[in-house]
Amino acid sequence: MFKISKSAIVKLSVVAGLSVVGAITFNSCGNQEQSQAQLLDGHTLAKKYCVSCHMLPEPALADKKSWEQGILPAMAKRLKLKEYMGQIFSDEKSALTTSEWAEIVKWYVKNAPDSLVIPKPAVAPLKDWSMFSLVRPKKVKKQIPAMTTMVAVSPDDHQLYSADAANNLYRWTPDGKSSIIYTFDSPVTGVEFAKRPEGNIGVFTTIGNMIPIDVSKGKIQELNLSMAKPQPPLVITDSLPRPVQTVTADFNKDGLTDYVVCGFGHDRGGLYYVQQQPGKKYEKHLMLGLPGGTQLVKGDFNNDGWMDVMCLFAQNDEGIWMFLNNKKGGFEAKQLMRFPPIYGSSSFQLIDFNHDGKLDLLYTCGDNSDYSKVLKPYHGIYIFTNLGNWKFKQTYFYHMDGCSKAIAADFDGDGDLDIAAIGFFSDFKYHPEEGFTYLEQSKPNAYIAHQIPVQNYGRWICMDVNDVDHNGTPDIILGNFSIGERGLLNQKGFAPKWDMSEPLIILRNNAKK
């Protein structure tokens with residue numbers, strides 16, 4: 001699935017932060033404010049005001065310059081502080097006083113490091129193809145830049161589909177030939193496939209507007225993919241705030257398909273339950289009014305026979321929420337995991353790594369296109385082991401700059417789970433090869449890293465894993481969003497070297513079944 005980022009046109013994870021610089025008192029109450037602020041230090045004040053929206057970010061999570069020039073100025077606006085000629089001050093609408101804000105700024109800048117230290121791997125990654133071979137598109141229009149927004153394989157017929165920022169939907173053959181299936185009214189960011197009596201149905205999420213603004217033009221649309229020439233899709237619902245993924249199930253057990261969709265939005269967004277009524281009518285209900293919903297997983301998480309959902313929120317209050325079906329046409333929300341708002345949460349997967357019957361959590365963070373565009377030591381791939389009752393303990397971490405998605409599967413056929421991962425904000429200037437990394441499990445919580453040499457073929461923003469060539473082994477499909485303007489390149493003095501035209505590549509798995 002494709003994500004839309006805040007400062008450009010592609011990736012959805014807005015890092016909430018805090019905001020900047022110097023404070024000055026513009027009213028006669030200045031001395032009184034200052035004496036009040038002295039009663040509380042910056043740390044205490046940050047815990048008082050900043051946690052109203054998200055988990056408190058520690059100063060060590062960013063460098064001094066990022067706090068001063070990026071994160072803190074952004075947060076000042078959210079706290080309704082005013083800015084004039086580079087100075088921050090409060091008025092009657094502000095959440096805190098000028099002097100209180102000055103103490104918060106002082107605490108962050110004083111305790112932040114000058115720069116972040118990026119960890120080096122204990123063992124250098126192997127630079128090889130492992131068991132994979134490359135399949136490239138047969139025919140490419142060189143004059144059209146690659147702006148892939150979605151790649152996905154239908155599990156029923158193993159057909160590969162992709163979508164792009166020009167609103168086109170393509171179908172691909174295993175050897176790399178493509179054809180346009182349909183052109184939507186906005187880019188496709190997600191799809192779920194359903195096999196129904198009328199044919200293979202694609203439930204497509206169209207974002208409405210890729211630019212990060214609060215405009216609600218997104219839709220859920222169903223297209224019959226079995227038709228030689230698909231007819232215009234059925235619009236399930238519209239007016240969604242930049243939605244990125246939809247899952248389907250008969251959530252209320254009335255025999256009709258219902259939908260849950262995450263609207264990433266911008267400053268405003270939400271998670272929605274779309275309930276189907278007789279006569280193909282649909283009612284939309286707000287489940288949680290938070291922006292940043294970026295990925296959904298469905299399942300019966302409490303084993304009561306009713307379908308539930310989980311959602312990763314990647315903006316402001318980053319974390320994973322579980323929504324348990326209340327059997328009355330609604331859901332009960334519970335936050336399972338919470339991450340600092342600077343992490344840039346990007347994907348998650350529920351999968352049993354240790355074969356104990358409990359679903360563990362594969363999580364990635366690395367969205368890096370907002371207020372602190374430096375490489376971060378905590379970006380990468382995490383495994384959280386399920387201890388029971390949906391309580392988790394971190395048992396593995398692999399640093400990967402700008403990691404945007406990871407998928408676990410048994411790629412080499414030895415019975416354990418390996419991991420494929422992409423990084424849209426990797427260290428392209430000095431380590432471009434880390435943009436795609438394959439982690440081969442050697443023993444529990446131990447992996448051999450392979451940096452497959454595909455860095456010259458694209459910049460990977462979306463990925464899917466499925467058997468494309470029908471040989472019984474999981475292949476990897478990587479979608480290329482090649483455009484680097486509008487804030488999508490964080491490193492100065494770097495010019496992209498990847499292919500600007502090929503929309504996707506396939507890593508064919510040659511392991512024995």
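The structure presented is a predicted model; accordingly, all values stated were derived computationally and were not measured.

A.B. asks: Could you clarify how one ought to interpret the side chain of Thr149 in this entry?
C.D. replies: With respect to the element layout, Thr149 can be found in strand S4 (residues 148-153). The class for Thr149 is buried, based on a relative accessible area of 0%. Of note is the side chain of Thr149, whose polar atom sits 2.7 Å from the backbone oxygen of Val188.

A.B. asks: Sorry if this is basic, but what is going on with the sheet that holds strand S11 (residues 234-240) here?
C.D. replies: Strand pairing in a sheet relies on backbone hydrogen bonds. The paired strands run either parallel or antiparallel. Reading across the sheet, the four strands line up as S8-S9-S10-S11 and stay open at both edges, with antiparallel pairing between neighbours. Each having just a single partner strand, strand S8 (188-196) and S11 make up the two edges of the open sheet. Taking each pair of neighbouring strands and ignoring which way they run, the sheet shows an average axis angle of 15 degrees. As paired strands, strand S10 (residues 218-224) and S11 are joined by four bridges and run antiparallel to one another. Bridge assignment links Gln221 to a residue of S11, and that residue is Val235.

A.B. asks: For this particular structure, what's the right way to read the nonpolar core?
C.D. replies: For soluble globular proteins, the rule of thumb is that nonpolar side chains tend to be buried together. Within the largest apolar cluster, 45 residues are counted, with the highest numbers of intra-cluster contacts made by Trp101, Met310, Tyr343, Leu361 and Tyr363. Counting residues per element, this core draws most heavily on helix H4 (residues 98-111), at six residues. Tyr343 has contacts with Leu61, Glu318, Tyr363, Cys365, Gly366, Asp367, Tyr378, His379 and Tyr382, leaving out every residue within four places of it along the chain. If you look at the next biggest cluster of nonpolar residues, it comprises 38 residues, including Val153, Leu160, Met287 and Trp321.

A.B. asks: Looking at this model, I keep getting lost on the packing of helix H2 (residues 42-49) against H4. Mind explaining?
C.D. replies: A pair of packed helices can be characterised by two numbers: the angle between their axes and the separation between those axes. Remark: H2 packs on H4, axes separated minimally by 8 Å, with the N-to-C direction vectors making an angle of 110 degrees. Relative to H4, H2 is oriented roughly perpendicular. Seen along the crossing, H2 lies across H4 with a hand that is left-handed. For the pair formed by H2 and H4, the contact residues are Gly42, His43, Leu45, Ala46, Lys48 and Tyr49 on the first element and Glu100, Glu103, Ile104, Trp107 and Tyr108 on the second. When grouped by side-chain class, the residues that make up the contact of H2 with H4 number six nonpolar, two polar and three charged.

A.B. asks: Which parts of the structure should I look at to understand the confidence of the model for the chain?
C.D. replies: For any part of a model where pLDDT is low, the fine detail of the predicted coordinates should not be relied upon. Residues with a pLDDT of 70 or more make up 92% of the chain, whose mean pLDDT is 90. The model gives residues 1-39 a pLDDT under 50, and that stretch makes 169 contacts with residues more than four places away or in other chains.

A.B. asks: Would you take a moment to explain unusual backbone geometry for this structure?
C.D. replies: The bulk of non-glycine residues show a negative phi, and the bulk of peptide bonds are trans. A positive phi angle is found at Ser239, which is not glycine, with a value near 55 degrees. For Asn303, which is not glycine, the phi dihedral falls at a positive 55 degrees. Residue position: Asn303 is located in the loop between strand S16 (293-299) and strand S17 (308-313). Judged by relative accessible area, Asn303 falls into the exposed class, the value being 70%.

Definitions and limits used
Residues numbered from 1 in each chain as written. Predicted model: local features only at pLDDT ≥ 70, side-chain atom pairs only at ≥ 80, totals over all residues. Heavy atoms only, no water. Helix = DSSP H or I, 4+ residues; strand = E, 2+ residues; numbered from the N terminus. Buried < 20%, exposed > 50% of the residue type's maximum accessible area, 1.4 Å probe, protein only. Polar contact = N/O pair within 3.5 Å; in protein donor to acceptor, adjacent residues only side chain to side chain. Pairing = 2+ DSSP bridges. Axes fitted to C-alpha atoms, helices over the stretch in contact; angles between N-to-C directions. Core = buried A, V, L, I, M, F, W, Y, C linked by side-chain atoms within 4.5 Å. Contact = heavy atoms within 4.5 Å. Parallel < 35°, antiparallel > 145°, perpendicular 65-115°, else oblique. Left-handed = near helix turned anticlockwise from the far one by under 90°. Nonpolar A, V, L, I, M, F, W, Y, C, P; charged D, E, K, R; others polar. pLDDT = per-residue confidence, 0-100.

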